[in-house]
Amino acid sequence: MQLQVARIGKPHGIRGEVTVQVLTDAPEDRFVPGTEFVVEPAASGPLTVDSARWNKDILLLGFAEVTDRNQAETLRGAKLFIETEELEEDDDEGWYEHELVGLQARVGSQVVGKVTALATLPVQDLLTVTTPEGKEILIPFVEQIVPEVNVEEGFVLLTPPDGLFELNADEAASPEPEGRE
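**Notes on the overall build of the chain**
Item 1. A tally of regular secondary structure across the chain gives 3 helices and 12 strands.
Item 2. Here the chain holds 181 residues, and 34% of them are scored as buried.
Item 3. Across the chain, the fraction of contacts at a sequence separation of at least 24, relative to all contacts at a separation of at least 6, is 47%.
Item 4. Accessible surface, the chain: about 11,700 Å² in total, of which carbon and sulfur atoms supply 48%.

Here it is in structure tokens:
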């Protein structure tokens, strides 16, 4: 199985470097020169890291196969993957998106939807739960709201604060403002 660790952004400079959206907790371990990534779309890869450096808060990567800005532009939006065999299995501190997507979302014993995505953001991660009606609810992925993740039994337990599932309610259901006299 493959794990996505980054998404390529725009080119940087004229020598083929690109910006990347980092999707891993350990960029210093994943983006070292010589590391080869599987790329989606496959026609863009594989790519081998030639250089990695930070420019403020943005990671810039150079690849051995990419030597100019025009080639770098063709990589925009491509996804970088590693083989999961490379991962250490002693990491009990978190979950990867591929482990969470497809799990039932439960409040108590009631199934309220299915996990369809994990958004890793600077402040906190968000689970996207799709209800049986097709409505997407963003759930802060914090221990107070998601106290249990049970991959083996196929569910996440939620203890949402009042109104969390109503926040994304259709605005048509909101009361109309009163008319003026």
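From this point, the narrative continues.
**As for unusual backbone geometry**
Item 1. Here the residue pair Glu-40 and Pro-41 is connected by a cis peptide bond, since its omega of 10° sits within 30 degrees of zero.
Item 2. Structurally, Pro-41 is set in the loop between β3 (36-40) and β4 (47-55).
Item 3. Phi angles above zero are rare outside glycine, and Lys-56 is one such case at about 60°.
Item 4. Mapped onto the elements, Lys-56 comes out in the loop between β4 and β5 (58-63).
Item 5. Residue class for Lys-56 comes out exposed when judged on its relative accessible area of 77%.

**A word on the nonpolar core**
Item 1. Counting 20 residues, the largest nonpolar core has Ile-8, Phe-37, Leu-47, Leu-61, Phe-63 and Leu-80 as the members making the most contacts within it.
Item 2. If you list the elements that add at least two residues to this core, you get β1 (2-12), β2 (17-22), β3, β4, β5 and β6 (79-83).
Item 3. In terms of residues, this core owes the most to one element, β1, which gives 4 residues.
Item 4. Once residues within four sequence positions are removed from consideration, Ile-8 is found in contact with Val-18, Thr-19, Val-20, Leu-47, Phe-63, Leu-75, Arg-76, Gly-77, Ala-78 and Leu-80.
Item 5. In this structure, Leu-100, Val-129, Ile-145 and Val-146 belong to the second largest nonpolar core, which totals 18 residues.

**Description of the sheet that holds β5**
Item 1. Spatially, the 6 strands close up into a barrel ordered β1-β2-β5-β4-β3-β6, and their pairing is antiparallel. Neighbour-to-neighbour, the strand axes of this sheet turn through a mean angle of 50°, independent of strand direction.
Item 2. When β1 meets β2, the two strands line up antiparallel, connected through 5 bridges. Residue Arg-7 lies in a different strand from β2, and its bridge partner there is Gln-21.

**Section: the sheet that holds strand β9 (residues 126-130)**
Item 1. Read across the open sheet, the 6 strands follow the order β10-β9-β8-β7-β12-β11; overall the sheet is mixed. Two strands close off the open sheet at either side, each with one partner strand: β10 (136-140) and β11 (148-150). The sheet shows a mean angle of 35° between the axes of neighbouring strands, taken without regard to direction.
Item 2. Judged from the 3 bridges that link them, β11 and strand β12 (residues 155-157) form a sheet pairing that is antiparallel. The partner of Val-149 across the bridge, within β12, is Val-156.

Reading the values: rules and limits
Residues numbered from 1 in each chain as written. Predicted model: local features only at pLDDT ≥ 70, side-chain atom pairs only at ≥ 80, totals over all residues. Heavy atoms only, no water. Helix = DSSP H or I, 4+ residues; strand = E, 2+ residues; numbered from the N terminus. Buried < 20%, exposed > 50% of the residue type's maximum accessible area, 1.4 Å probe, protein only. Contact = heavy atoms within 4.5 Å. Areas by Shrake-Rupley, 256 points an atom, 1.4 Å probe, with all protein chains shown as cover. Core = buried A, V, L, I, M, F, W, Y, C linked by side-chain atoms within 4.5 Å. Pairing = 2+ DSSP bridges. Axes fitted to C-alpha atoms, helices over the stretch in contact; angles between N-to-C directions.

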